[in-house]
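# Fold and contact review
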Amino acid sequence: MNTRERFVKTLIGEKVDRVPFIKVFGGTNAAHKEWEAEYPGIGNTIDKVLGFEGKYRGWETTPVNMDASKMDEPITIKETDDIHVQRDGDGVVYQFYKQGDYDRHAIEWPIKTMSDWNVYKTRFLDPDDTERFPANWNELVKEYKTRDYPLQLTHWGVYGFARKKMGDENLAYAFYDNPKLVHDIMNYYTETAIHIWEKMVKDVDFDLIECWEDMAYKSGSLISPKTFREFITPCYKKISAFAREHGIKVILVDSDGFIEDLTELMLEGGVTALYPYEALAGNDVARTLDRYPRVGIIGGLRKECMYEGKEAIDNEIEKARKLIKKGRFIPGPDHFVLKNCTFANYRYFMERLREVVMTTVPGN
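Below is a summary of the structure that appears in this document. On a predicted model such as this, the values are computed, not experimentally measured, just so you know.

Our focus in this paragraph is the overall build of the chain. Within the chain, the regular secondary structure consists of 14 helices and 12 strands. For the chain, the spread of C-alpha atoms along the three principal axes comes to 55 × 50 × 45 Å. Taking the contacts inside the chain whose residues are at least 6 apart along the sequence as the reference set, 69% of them involve residues at least 24 apart. For the chain, the distance from the average site of its 51 positive side-chain charges to the average site of its 60 negative ones is 4 Å.

With parallel pairing, 6 strands are arranged side by side in an open sheet as S5-S6-S9-S10-S11-S12. Every other strand in the sheet has two partners, leaving strand S5 (152–155) and strand S12 (329–333) as the edge strands with one partner each. Across this sheet, the average inter-strand angle for adjacent strands is 25°, counted without regard to direction. Where S5 lies against strand S6 (residues 208–212), 4 bridges are found, and the strand directions are parallel. If you follow Gln-152 over to S6, its bridge partner there is Leu-208.

If you look at the biggest cluster of nonpolar residues, it comprises 109 residues, and the most contacted ones within it are Trp-197 and Tyr-346. Ranked by residue count, the leading element in this core is helix H8 (residues 179–200), at 10 residues. Each residue touching Tyr-346, except ones within four places of it in the same chain, is listed here: Trp-35, Ile-46, Leu-50, Phe-52, Met-306, Phe-336, Val-337 and Cys-341.

The next thing to look at is the pattern of salt bridges. With the rule as written, the count across this model stands at 33 salt bridges. Where Glu-304 meets Lys-303, a salt bridge forms, and the shortest distance between an N and an O atom there is 3.1 Å. Like Lys-303, Glu-304 is buried. Here the salt bridges share partners, and the residues they tie into one network are Asp-314, Glu-318, Arg-321, Arg-352 and Glu-355.

What follows concerns the sheet that holds strand S4 (residues 104–108). Taken in spatial order, the 4 strands make up an open sheet running S1-S2-S3-S4, and their pairing is antiparallel. Single-partner strands in this sheet number two, and they are strand S1 (75–79) and S4. Neighbour to neighbour, the strand axes of the sheet diverge by 25° on average, direction disregarded.

Now for the pairing of S6. Burial within S6 is extensive, with 5 of its 5 residues counted as buried. Both faces of S6 are covered, namely the face carrying Leu-208, Glu-210 and Trp-212 and the face carrying Ile-209 and Cys-211. In this structure, S6 lies alongside strand S9 (residues 250–255), joined through 5 bridges in parallel fashion. Across the sheet, the residue bridging to Glu-210 is Leu-252, located in S9.

This part covers the packing of aromatic side chains. A full pass over the atoms with the stated rule returns 19 aromatic pairs. An angle of 50° between the planes, with centres 5.3 Å apart, marks the rings of Trp-197 and Phe-242 as tilted. Separated by 45 residues along the polypeptide, Trp-197 in helix H8 and Phe-242 in helix H9 (residues 225–245) bring together distant segments of the chain. This pair shows no difference in class: Trp-197 is buried, exactly as Phe-242 is. Judged by centre distance (6.2 Å) and plane angle (75°), the ring pair of Phe-336 and Tyr-346 falls under edge-to-face. Pair noted here: Phe-336 is in the loop between S12 and helix H14 (343–359) and Tyr-346 is in helix H14, with a separation of 10 residues, a long-range link. Note on Tyr-346: relative accessible area 2%, which makes it buried. Above the face of the Tyr-94 ring, Arg-104 is positioned so that its terminal group lies 4.4 Å from the ring centre.

Bringing the packing of helix H6 (residues 158–166) against H8 into the picture now. Axis angle and axis distance: for two packed helices, these are the angle between their axes and the distance between the axes, and together they describe the pair. Here H6 crosses H8 at 115°, and the two axes come no closer than 9 Å. Where H6 crosses over H8, the two elements pack in a sense that is right-handed. Two secondary-structure elements touch here, H6 through Val-158, Tyr-159, Phe-161, Ala-162 and Met-166 and H8 through Leu-181, Ile-185, Met-186, Tyr-189 and Thr-190. Partitioning the contact of H6 with H8 into residue classes produces 9 nonpolar, 1 polar and no charged.

Time to look at helix H4 (residues 114–124). Side chains of residues three or four places apart in an α-helix project in the same direction, reflecting 3.6 residues per turn. Along H4, the residues that are buried comprise Trp-117, Tyr-120, Lys-121 and Phe-124. In a view along the axis of H4, the buried residues occupy a sector of 95°, so they form one face of it. In H4, those exposed residues whose orientation departs by more than 90 degrees from the buried face are Ser-115, Val-119 and Thr-122. Residues of H4 that are buried make contact with H6 and H8.

Glancing now at the environment of Gly-27. With respect to the helices and strands, the residue Gly-27 is situated in the loop between helix H1 (3–12) and helix H2 (33–38). In contact with Gly-27, not counting residues within four places along its chain, are Asp-47, Tyr-56 and Arg-57.

Definitions and limits used
- All chains use their own residue numbering, which begins from 1 and follows the written sequence.
- Under the rules for a predicted model, residues below a pLDDT of 70 receive no local features and side-chain atom pairs below 80 are neither given nor counted, while totals for whole chains, interfaces and linings still include all residues.
- Values reported for side chains reflect all heavy atoms of the structure, with hydrogen atoms and water molecules removed beforehand.
- A run of H or I in DSSP becomes a helix once it reaches four residues, and a run of E becomes a strand once it reaches two; helices and strands are each numbered from the N terminus.
- Should any heavy atoms of two residues lie within 4.5 Å, those residues are counted as being in contact.
- Think of it this way: Lys and Arg go in the positive column, Asp and Glu in the negative one, and His and the chain ends go nowhere.
- Taken as the charge location is NZ of Lys, CZ of Arg, CG of Asp or CD of Glu.
- A pair of strands is treated as paired once DSSP finds two or more bridges between them.
- All axes here are fitted lines through C-alpha atoms, helices being fitted over the stretch that makes contact, and every angle between N-to-C directions spans 0 to 180 degrees.
- Residues enter a nonpolar core if they are buried and are Ala, Val, Leu, Ile, Met, Phe, Trp, Tyr or Cys, with the set joined through side-chain atoms within 4.5 Å.
- For each residue, the accessible area found with a 1.4 Å probe, counting protein chains only, is set against the maximum for its type, and the residue is called buried under 20%, exposed over 50%, and partly exposed in between.
- For this analysis, a salt bridge means a side-chain nitrogen from Lys or Arg found within 4 Å of a carboxyl oxygen belonging to Asp or Glu.
- Pairs were defined over the aromatic rings of Phe, Tyr and Trp, the Trp ring being its six-membered one, requiring ring centres within 6.5 Å. Orientation was assigned from the angle between planes: stacked under 30 degrees, edge-to-face over 60, tilted for the rest.
- Two conditions define a charge sitting above a ring: the NZ of Lys or the CZ of Arg must be within 6 Å of the ring centre, and it must be within 35 degrees of the ring normal.
- If you view the pair so one helix is near and one far, a crossing is left-handed when the near helix is turned anticlockwise from the far one by less than a right angle, and right-handed when it is turned clockwise.
- Under this grouping Gly is polar, as are all residues other than the nonpolar Ala, Val, Leu, Ile, Met, Phe, Trp, Tyr, Cys and Pro and the charged Asp, Glu, Lys and Arg.
- Think of the arc as the fan of directions from the helix axis to the C-beta atoms.

Written out as structure tokens, the structure reads:
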């Protein structure tokens with residue numbers, strides 16, 4: 001059984017010999033610059049050194065552009081010793097921080113009215129734009145057909161895409177003041193994504209659809225269940241219908257914050273798995289698996305243990321062993337570690353986790 005098979009079968013509750021050992025957060029060979037200073041070259045070899053399975057986070061993305069296309073070049077608005085402010089090619093303005101773990105946030109958004117949206121979707125969201133596909137797509141298709149790692153179709157979120165183009169506060173008002181606009185953004189983007197996916201599945205068999213939402217904070221969802229069911233659920237039903245039609249068994253949602261109560265709403269729309277179930281936000285993976293036995297979970301382990309020391313790491317790893325035995329769970333940190341984590345502690349965490357993964361059978 002390979003990583004691709006273990007990933008899918010674990011999340012949908014089928015029998016596996018073990019779960020895959022994947023990094024979950026950080027991307028290919030991700031390493032803090034502080035680690036690189038202490039271990040030159042680690043940013044090129046960390047995945048091999050730690051024995052991560054799969055690609056990227058464990059499951060791979062494609063370079064097909066699922067966001068705005070034909071964008072202008074970014075424009076620098078402000079530059080200081082501490083910050084860099086730029087307007088991206090589709091009108092979103094970001095403030096980048098040159099120090100610290102928190103590196104950027106948006107401060108201005110291009111869509112405020114239906115007129116803005118009509119211009120935006122006409123200019124930037126042509127699903128038939130040939131530049132969405134990389135020039136080497138045919139070569140990638142050959143690799144994908146012989147892969148042993150999971151591969152995703154990407155959706156930038158039903159809520160997630162709208163918040164990226166409007167901002168959370170503006171979107172919150174628009175649900176009530178301009179619901180027609182919100183419906184059109186969410187429906188149009190989802191239909192655009194599906195249109196692009198239809199081209200992709202002609203060439204490749206995919207294992208999952210991942211939707212980026214980030215629609216919760218430590219007290220729960222940013223929108224009510226009523227609003228979710230009115231605006232979000234219809235789009236997820238379209239996504240899940242596409243998945244069924246093409247034999248894609250995993251629909252994975254990425255959202256930070258407390259997402260236990262969002263889980264039920266996601267399941268209603270056809271979602272099958274969520275991550276990362278951040279521990280400091282109050283998520284309890286064991287409780288969620290008991291409450292929703294049909295959901296798959298990735299992540300769930302408290303990243304903070306990695307700067308607290310070996311005893312804290314050992315306690316978290318033993319929690320992982322128990323959760324793996326419950327089934328439908330792939331363990332990993334609930335986000336990439338902060339800069340106060342040494343490479344030695346990160347390595348100890350991952351080596352201990354690998355040992356548990358390799359010796360623990362789900363369902364036993």
